[in-house]
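# Observations on the model geometry
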Amino acid sequence: MTDERHSLLGPYLLDALEPAERAEFEQHLGACPDCRADAAELRVAVAALAEDAARGPSRPPARLGEQLLAQVRQTPQLAPTRSRRRRLAALAAAAAAAVVVAGGVLGVRALSEDDPAPTTAEAVMTAPDVRSHEMSTTEGMVRVSMSHEMHMVAVDTTGLADPGDGMAYQLWWVDDASADPVAMLSEGERVATEMTSEHHDADLVLTMEPDSGSQRPSTAPLIAIPAAEL
Amino acid sequence: MHAVPPVGSPAPDRTAGLMRRTAGGDIAAFEELYEELAAAVLSLARRVVRDPARAEEITQEVFLQVWRQAPRYRGEEGSVRTWVLTLTHRRAVDVVRASESSRRREEQAARREIHAVAGPEADAVLAADRVGVRRCLDALTPLQRESIGLAYYAGLTYAQVAHRLGRGLPAVKTRMRDGLARLRDCVEQSGGTPR
């Protein structure tokens, strides 16, 4: 609440943030239940602004609906986000499958009941100009979606295994000179980040790291995609 | 002119049901959802981008997004209608910002709109609007009203709003937030609380 970022709530609700700021604010919102409650209250006002503007006399022409339905018939829907129950089941299965678990105890991290609403990531994943890459890794599938129009790339870890107690996935931009950490992702999270010209020669890299985050990648990359190929 | 539905209508339960079926891949339900919400989406998009052809494209893009995201919709951000209008506004704002050249025109149009609060459609909609959010907008301070109007109806970022109004960033951020809080209080008092 006292966080400096919280002052961006008004601009956020009015869609008055740049895409990168918006994505960052949504991450903040995901970690701050009080902020989400504040946002929900003020959304009433934004909804009233929307309703006022939505009241115009515009009627969509019939061809619009016809074209849309033709497109919809050829467009697959996103997979549902895995529920908490299924995540725990997956975790149990992973524990059962582990041949050697020293001490035999696999800690179950408290998973938050209410997930953040990562709408920027989903907007990137469903952008009209999106290019998606499904990448198979040792931990499962990662979906990387690029929207050049939005200058953003989204990484969806819904298809990855739980990284385990104290561990998380970390996203990076890596080039010859440096490794810039972008975001930490726990199981099943999605994140969007800006891609600018400075990333031209960099690779987008995902590694598994301690959940406090690392300064540099400390494990073998699960994915490493040159920006030029996104 | 058909009757203006109360704010937050029509029938949230019905759209929620349609949304659930759409999430299961039911194209007929999606079609009904489109019929229910398309006019509102098109109108909102048009208000922000001001270009009818572009507003139609946005309408298609938004509904395609609704179709794709339906299995992940959790209803945390209010009713289906509110969620769809949120997607619409975001997309419209992105489009406005992408077309740099037309910005000035849109700003001017939005400014006119804020000052002469009644727009062209006001004649048709009559008193319904004036007792709603527009009357509430009138109750804001000028700086709150302009900050909200330039952001919401002209698609400016808060930094652009600050520059335009010759104010600091903290002032604009605060006015937006306080203005929204005041607007919410006013809207809730006047009854028709949108969900």
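Check the entry above for the structure.
No experiment lies behind these values; they were computed from the predicted model shown. (Residues numbered from 1 in each chain as written. Chains lettered and ligands numbered in written order. Predicted model: local features only at pLDDT ≥ 70, side-chain atom pairs only at ≥ 80, totals over all residues. Heavy atoms only, no water.)

### Quick look at the nonpolar core
In this structure, Leu14 and Leu49 of chain A together with Val66, Leu180 and Leu183 of chain B are the most contacted members of the largest nonpolar core, which totals 78 residues. Here this core gets 13 residues from one element, more than from any other, and that element is helix 2 (residues 27–49) of chain B. Residue contacts for Leu49 of chain A: discarding those within four places in its chain leaves Leu14 of chain A together with Val133, Leu137, Ile148, Tyr152, Tyr153, Leu180 and Leu183 of chain B. Within the second largest apolar cluster, 22 residues are counted, among which are Val191, Met195, Leu206 and Met208 of chain A. (Core = buried A, V, L, I, M, F, W, Y, C linked by side-chain atoms within 4.5 Å. Buried < 20%, exposed > 50% of the residue type's maximum accessible area, 1.4 Å probe, protein only. Helix = DSSP H or I, 4+ residues; strand = E, 2+ residues; numbered from the N terminus. Contact = heavy atoms within 4.5 Å.)

### Some points on the packing of aromatic side chains
For the coordinates displayed, the defined rule picks out 6 aromatic pairs over all chains. Ring centres of Tyr12 of chain A and Phe25 of chain A lie 4.9 Å apart, and the angle between their planes is 35 degrees; this geometry places the pair in the tilted category. Note that Tyr12 of chain A is positioned in helix 1 (residues 9–13) and Phe25 of chain A in helix 2 (residues 19–30), a separation of 13 residues in sequence. The residues Tyr12 of chain A and Phe25 of chain A share a single accessibility class, namely buried. Relative to Phe63 of chain B, the ring of Phe30 of chain B has its centre 6.3 Å away and its plane inclined at 75 degrees; by these criteria the two rings are edge-to-face. Here Phe63 of chain B lies in helix 3 (residues 52–69) and Phe30 of chain B lies in helix 2, a separation of 33 residues in the sequence. As far as the burial class goes, Phe30 of chain B and Phe63 of chain B line up, both buried. Aromatic rings pair up to connect Phe30, Tyr34, Phe63 and Trp67 of chain B into one cluster. (Phe/Tyr/Trp six-rings, centres within 6.5 Å; stacked < 30°, edge-to-face > 60°.)

### Regarding the side chain of Thr120 of chain A
Relative to the elements of secondary structure, Thr120 of chain A occurs in helix 6 (residues 119–125). For Thr120 of chain A, a relative accessible area of 1% corresponds to the buried category. Here Glu26 of chain A takes part through its side chain, which lies 2.8 Å from a polar atom of the side chain of Thr120 of chain A. Non-local contacts of Thr120 of chain A, meaning those with residues more than four positions away in its chain, are made with Pro19, Arg22, Ala23, Glu26, Met152 and Ala192 of chain A together with Arg90 of chain B. (Polar contact = N/O pair within 3.5 Å; in protein donor to acceptor, adjacent residues only side chain to side chain.)

### Things to note about the sheet that holds strand 1 (residues 131–137) of chain A
All names here are of chain A. A sheet is described by the order of its strands in space; here 4 strands give the open sequence 1-2-3-6, paired in antiparallel fashion. Lying at the two open borders of the sheet, with one neighbouring strand each, are strand 1 and strand 6 (190–194). Shown here is a sheet whose adjacent strand axes are inclined to one another by a mean of 20 degrees, direction ignored. Summarising the sheet, strand 2 (residues 140–147) and strand 3 (residues 152–156) pair through 5 bridges and their orientation is antiparallel. Looking across to strand 3, one finds that Arg143 is bridged to Asp156. (Pairing = 2+ DSSP bridges. Axes fitted to C-alpha atoms, helices over the stretch in contact; angles between N-to-C directions.)

### Let's talk about the packing of helix 9 (residues 142–152) of chain B against helix 10 (residues 158–165) of chain B
Residue and element names in this part refer to chain B. Between helix 9 and helix 10, the least distance of the axes is 9 Å, while the angle of their chain directions is 130 degrees. For the element pair helix 9 / helix 10, the angle class is oblique. At the point where helix 9 passes helix 10, the crossing takes the right-handed sense. Facing Leu143, Glu146, Ser147, Leu150 and Ala151 of helix 9, the residues of helix 10 in contact are Val161, Arg164 and Leu165. Looking at the contact of helix 9 with helix 10, its residues break down into 5 nonpolar, 1 polar and 2 charged. (Parallel < 35°, antiparallel > 145°, perpendicular 65-115°, else oblique. Left-handed = near helix turned anticlockwise from the far one by under 90°. Nonpolar A, V, L, I, M, F, W, Y, C, P; charged D, E, K, R; others polar.)

Take it as geometry only, folks, not as evidence of what the structure does.
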